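Commentary on secondary and tertiary structure
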Amino acid sequence: MLKDENLAVEDLPRQVEGDLVDTTWPRLQELLEKHPEARAGAPGRARTLALFGVLCRLCWPQFVAAGICRLFYIVTGYAQPLGLYIILRRFGKDDAFGWTAVGLLFGGPLLNATADALQMFLQRRVATRCRGAIMVLIYDKARRVDMAAASLPPAAAGRGRPQKKESGGGRVGEVVGLMSADVQNALTAIAYFHWVWGPVIQLVITLCALFWLVHVAAVGALIVIALNTVLNKGIFGRLAAASKEFLSARNFRLELVTEMLQGSRIIKMLGYESGIFDAIKGRREKELGKLAKILRLQVAVATLINATPPIMGVATFVAMSWLLGKPIDAATGFTTLTLLENLRFVLMQAPSAATFIITGYVSLQRVESFLDAPDVDQKPSSDGVKRGEVRVEDADFRWGGTADAAAATSGPNGAAPEANPLIDAAAEGNAAENNPNERGLTLRGVDLRMAPGTLTLVVGVTGGGKSSLLSALLGEIRRVKGRVRVGGSTAYCPQQAWCQNASLKDNIVFGDAGKDDARYGACIEACA
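1. Looking at the overall build of the protein chain
- Counting its secondary structure elements, the protein chain contains 16 helices and three strands.
- The 528 residues of the protein chain split such that 39% are buried.
- Of the contacts formed within the protein chain by residues at least 6 apart in sequence, a portion of 78% connects residues at least 24 apart.

Printed below as a string of structure tokens:
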């Protein structure tokens, strides 16, 4: 029976305590402290792999158990070929050894399927535990990140030579892309990590079995695998580059879609629908072009994978019968074909695993790029001010930009130029023309004192810096110089309301179960 109200927490099945973010997030913080190499140091492969290892340690019991299940899956996969070989060798003999082979023939696939299902379940547990922790890690960064500076290339943030922009940083569209796709890609790589080493072990066992069955004739299959490896290496290299281009193109589209959804009222009022839709369509077509390139490469990989086992069989039988001149009996022929058929599924899994790892590696680098974005200054201090008092002393603030550009907004010896004390956007005109990323609203020479118990109004033209001043008091904009002090706690009501899909009471108390009634009653009384 359908309920009238929205889906509530109690309507959902209860999660295991260890899977809850209340447990995984503190554990992730502890692991990051124990392994500083996962966040400290220069960006690169070593740091990305260190972060990958920390995420694996976050759920190591399930991770190791999934690996054991994968190993058991590999071993049981050879029960059927072994049973088939024994039956064909002992055809017509009624003894216990023959019936054991029959048990292997039918029981092996059953155990194999059980191990595979258990491994998939444990991998999902791994993904569940990592998902909540890494989402909190991103959200924790999002509340501290400089939303303007984070959207700049690394060089523009003052971190070295110019680089191609890989992520949109703190912009809302980029955060949406990180949470919706990049986190999932990284978790898929962690969950299916055992698919990487599993095919390697299966390939080694299969080749050893072929050498035991057909002896030197297995060299033909080995040559085919070597050629296949060389071709796949080149394809996978191109696939990694294509995946990175596709993720960048998708985030580029998501940024515009997010801006459109947030400004839909203005777009409708000004009649910009067609222009916005054309821009989104253009970005989507570029994204689909990158996706088509990935799919073409995946088709090439699938073609090689499906063609390899038959070619290996032909090469093996030709080498055995034609080059070595040895006959092929039923036991050897059918067992060889069964081994190669099993190898086909192994080779089909290997490209999927490689794709997961490549995409996850790229996505994890994108997450790292976001985590490396510069933070805004810490919250204003309360030293030397009374409760309810606000003081700003000769302070300059800037939205994003480089340190050099921020310094350029000040006059000689760090003094503010003689101009509008709140804002002077004209000084940024040349920088904005040369580099759009240098555009940033700057507050200069701000001196402000608000006494406790008073009402202060900030009045000015649109774009004059009123909202930026409030952001400066909250510590949400980079402080170039000066001092900001705020006594007591701070409440802030933005221009656009941020309401959750919940009841009025839930939006007021916001999950604070210990103070639900008191806080809710106080708010209703104040608004009455």
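2. Focus on the confidence of the model for the protein chain
- Of all residues in the protein chain, 81% have pLDDT values of 70 or greater, and the mean over the chain is 76.
- For residues 149-170, every residue scores under 50 in pLDDT, and the model assigns this stretch 49 contacts once sequence neighbours within four places are set aside.
- In the predicted structure, residues 402-441 sits below a pLDDT of 50 and forms 61 contacts with residues beyond four places in sequence or in another chain.

3. Things to note about helix H7 (residues 194-214)
- Compared with the 30 Å implied by 1.5 Å per residue over 21 residues, the 30 Å span of H7 between its first and last C-alpha is a close match.
- Taken together, the buried positions of H7 are occupied by His194, Trp195, Gly198, Pro199, Gln202, Thr206, Leu207, Ala209, Leu210, Leu213 and Val214.
- In the stretch just after H7, His215 is the one whose phi turns positive, near 60 degrees.

4. So, the pattern of salt bridges
- Per the counting criterion, the structure on display carries 15 salt bridges.
- With a closest N to O distance of 2.7 Å, Arg391 and Glu389 form a salt bridge.
- Look at Arg391 and you get partly exposed, because its relative accessible area is 26%.
- Between Lys481 and Asp394 there is a salt bridge, and its shortest N-O distance comes to 3.8 Å. One end of the pair, Lys481, is in strand E3 (residues 478-486); the other, Asp394, is in strand E1 (residues 390-398), with 87 residues separating them in the sequence.
- Among the ionic contacts, a cluster of salt bridges with common partners joins Arg27, Glu30 and Lys34.

5. Details of the packing of helix H1 (residues 21-34) against helix H2 (residues 45-58)
- Remark: H1 packs on H2, axes separated minimally by 10 Å, with the N-to-C direction vectors making an angle of 135 degrees. Of the possible angle classes, the one that applies to H1 and H2 is oblique. Of the two elements, H1 crosses H2, and the hand of that crossing is right-handed. Residues Thr24, Arg27, Leu28, Leu31 and Leu32 of H1 pack against Leu51, Val54, Leu55, Arg57 and Leu58 of H2.
- Here the residues of the contact of H1 with H2 sort into seven nonpolar, one polar and two charged.

6. What about the nonpolar core?
- Of all hydrophobic cores here, the largest spans 32 residues; its most connected members are Leu28, Leu32, Leu55, Cys130, Ile138, Ile190 and Leu364.
- For this core, the elements supplying multiple residues, two or more each, are H1, H2, helix H5 (96-142), helix H6 (172-191) and helix H11 (330-371).
- If one sorts the elements of this core by residue count, H6 sits on top with eight residues.
- The residues touching Leu32, leaving out its near neighbours within four places in the chain, are Ala38, Arg39, Leu51, Val54 and Leu137.
- Among the nonpolar cores identified, the runner-up in size contains 23 residues, and Ile74, Ala115, Val224 and Val346 belong to it.

7. A look at a nonpolar patch on the surface
- On the surface, Phe211, Val216, Val219, Leu222, Ile223, Leu227, Val314, Val318, Trp322, Leu323 and Leu324 cluster together into a nonpolar patch covering about 1000 Å² of accessible area.
- Of all the secondary-structure elements, those providing two or more residues to the nonpolar patch are helix H8 (219-262) and helix H10 (273-323).
- Considering the arrangement of structural elements, one finds Trp322 in helix H10.

8. Quick word on unusual backbone geometry
- Phi at His215 is positive, roughly 60 degrees, even though this residue is not glycine.
- Of note in the backbone geometry, Asp394 takes a positive phi value of approximately 45 degrees without being a glycine.

9. Description of H10
- Look at H10: 72 Å from first C-alpha to last across 51 residues, which is about the 75 Å you get at 1.5 Å a residue.
- Of all the bends found along H10, the most pronounced is centred on Thr308 and spans about 35 degrees, while Pro309, a proline, follows it within four residues.
- Gly325 sits one or two positions beyond H10 and adopts a positive phi of about 70 degrees.

10. A closer look at the packing of aromatic side chains
- Under the definition given, this model contains five aromatic pairs.
- Relative to Trp195, the ring of Tyr192 has its centre 4.9 Å away and its plane inclined at 85 degrees; by these criteria the two rings are edge-to-face.
- Pairing Tyr192 with Phe356 gives two aromatic rings, centres 5.2 Å apart and planes at 45 degrees, and the pair type is tilted. Here the residue Tyr192 occupies a position in the loop between H6 and H7, and Phe356 occupies one in helix H11, the gap between them amounting to 164 residues.

11. A closer look at the packing of helix H3 (residues 60-76) against H7
- The geometry of H3 relative to H7 is characterised by a closest axis approach of 10 Å and an angle of 25 degrees between their N-to-C directions. When the interaxial angle is binned, H3 and H7 end up roughly parallel. Here H3 and H7 pass one another in a crossing that is right-handed. Of H7, the residues touching H3 (which contributes Phe63, Ala66, Gly67, Arg70, Leu71 and Ile74) are His194, Trp195, Trp197, Gly198, Pro199, Ile201, Gln202 and Ile205.

12. Section: the environment of Val390
- Note on placement: Val390 falls in strand E1.
- With 59 residues separating them along the chain, Val390 and Arg449 place their C-alpha atoms 5.6 Å apart.
- Not counting the four nearest positions on each side in its chain, Val390 is found in contact with Leu448, Arg449, Met450, Leu473, Arg485 and Val486.

The rules behind each value
- Residues numbered from 1 in each chain as written.
- Predicted model: local features only at pLDDT ≥ 70, side-chain atom pairs only at ≥ 80, totals over all residues.
- Heavy atoms only, no water.
- Helix = DSSP H or I, 4+ residues; strand = E, 2+ residues; numbered from the N terminus.
- Buried < 20%, exposed > 50% of the residue type's maximum accessible area, 1.4 Å probe, protein only.
- Contact = heavy atoms within 4.5 Å.
- pLDDT = per-residue confidence, 0-100.
- Expected span 1.5 Å × (residues − 1).
- Salt bridge = Lys/Arg side-chain N within 4 Å of Asp/Glu carboxyl O.
- Axes fitted to C-alpha atoms, helices over the stretch in contact; angles between N-to-C directions.
- Parallel < 35°, antiparallel > 145°, perpendicular 65-115°, else oblique.
- Left-handed = near helix turned anticlockwise from the far one by under 90°.
- Nonpolar A, V, L, I, M, F, W, Y, C, P; charged D, E, K, R; others polar.
- Core = buried A, V, L, I, M, F, W, Y, C linked by side-chain atoms within 4.5 Å.
- Patch = residues over 30% accessible without salt bridge, like charges linked within 9 Å, V, L, I, M, F, W, Y side chains within 5 Å.
- Areas by Shrake-Rupley, 256 points an atom, 1.4 Å probe, with all protein chains shown as cover.
- Bend = angle between axes of the 7 residues up to and from the residue.
- Phe/Tyr/Trp six-rings, centres within 6.5 Å; stacked < 30°, edge-to-face > 60°.

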